[in-house]
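For reference, the chains in residue letters:
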Amino acid sequence: GSGLGSRLLQELRDEHPRAYLLASSIAPFGAGELPLAAYNGTLALATLQEHSDAVLLFDNASLMSRLRDTAAAAAAAGPRAAAALSSGSSGRLCLRQIDDHVAACLCGLALPADYGGAARPQPFLPGQLVAAVAPLARYKLLELSTARGPQAAPPPS
């Protein structure tokens, strides 16, 4: 919602006015949620726009679609690949899978990475990200995605 996260972001900006603040947010579904979800989302985005340097925005509908496509491709690839992505006996996607995907995207961005045989992994520098992809204050909504490699199949039981 727009309450606690917005307040926390405002406090962080007040305490650290010169630090780069990157926020991540998941936009609600377009329909089927609370009637006031659109207002909460609008208020939250206004706060993010005002107090952060960049916003990594994820869309619930896009995430669900992407994960369904991944699950369908895994099912077509065979039972081992499908088992690695299985959400349980129902075969339906769950919020944990969405959370895992968002976490993988954020980890892929923020964790140190080895760029072509560097002597040591390079740290994530938020200032470089902001300068490269969101240098203008009005254009700071970013979409983040990741390509997941093949996952190991669960051990046979």
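Scroll up for the structure.
So, here's what we can say about the structure. If you're wondering where the values come from, they're calculated on a predicted model, not measured in any experiment.

Let's talk about the nonpolar core
If you look at the biggest cluster of nonpolar residues, it comprises 14 residues, and the most contacted ones within it are Phe-58, Ile-98 and Leu-142. Going through the elements one at a time, strand 2 (54-59), helix 3 (60-77), helix 5 (95-110) and helix 6 (126-133) are the ones with two or more residues in this core. Those residues in contact with Ile-98 that lie beyond four places of it in its chain are Asn-60, Leu-63, Met-64 and Leu-67. The next biggest cluster of nonpolar side chains, apart from the first, holds five residues, and it includes Leu-9, Leu-21, Ala-23 and Val-55.

Regarding the sheet that holds strand 2
Taken in spatial order, the three strands of this open sheet run 1-2-3, and their pairing is parallel. On the outer flanks of this sheet lie strand 1 (22-27) and strand 3 (141-142), each paired with one strand and no other. Bridge analysis of strand 1 against strand 2 gives six bridges, and the strand direction is parallel. The residue of strand 2 that forms the bridge with Ile-26 is Phe-58. Packed onto the sheet, helix 3 meets strand 1 and strand 2 and runs at close to 55 degrees relative to strand 2. Across the face of the sheet, helix 6 comes into contact with strand 1, strand 2 and strand 3 while running at roughly 65 degrees to strand 1.

A few points about the pattern of salt bridges
A complete count under the given rule lists four salt bridges for this structure. The partner of Glu-11 in a salt bridge is Arg-7, with the nearest N and O atoms 3.1 Å apart. Linking Glu-11 with Arg-7, this pair stays in helix 1 (residues 4-15), spanning four residues, or about one helical turn. Residue Asp-100 pairs with Arg-96 through a salt bridge whose shortest N-O separation is 3.9 Å. Of the two residues, Asp-100 and Arg-96 both sit in helix 5, four residues apart, roughly one turn of that helix. We classify Asp-100 as partly exposed; its relative accessible area is 35%.

The rules behind each value
- Numbering of residues starts from 1 in every chain and runs along the sequence as written.
- Where totals are concerned, whole chains, interfaces and linings use all residues; where local detail is concerned, this predicted model gives features only for residues with pLDDT of at least 70, and gives and counts side-chain atom pairs only at 80 or more.
- With hydrogens and water set aside, each side-chain value is computed from the structure's full complement of heavy atoms.
- Side-chain atoms within 4.5 Å are what join buried Ala, Val, Leu, Ile, Met, Phe, Trp, Tyr and Cys residues into a set we call a nonpolar core.
- Exposure is judged per residue with a 1.4 Å probe applied to protein chains only, and the accessible area is read against the type maximum: over 50% gives exposed, under 20% gives buried, and values in between give partly exposed.
- Secondary structure counts use DSSP, requiring at least four H or I residues in a row for a helix and at least two E residues in a row for a strand, with both numbered from the N terminus.
- We call two residues contacting when some pair of their heavy atoms lies within 4.5 Å.
- A strand pair is defined by DSSP finding two or more bridges across the two strands.
- Comment: axis = line fitted to C-alpha atoms, over the contacting stretch for helices; angle = value between 0 and 180 degrees taken between N-to-C directions.
- Note on definitions: salt bridges are taken to be side-chain nitrogens of Lys or Arg within 4 Å of carboxyl oxygens of Asp or Glu.

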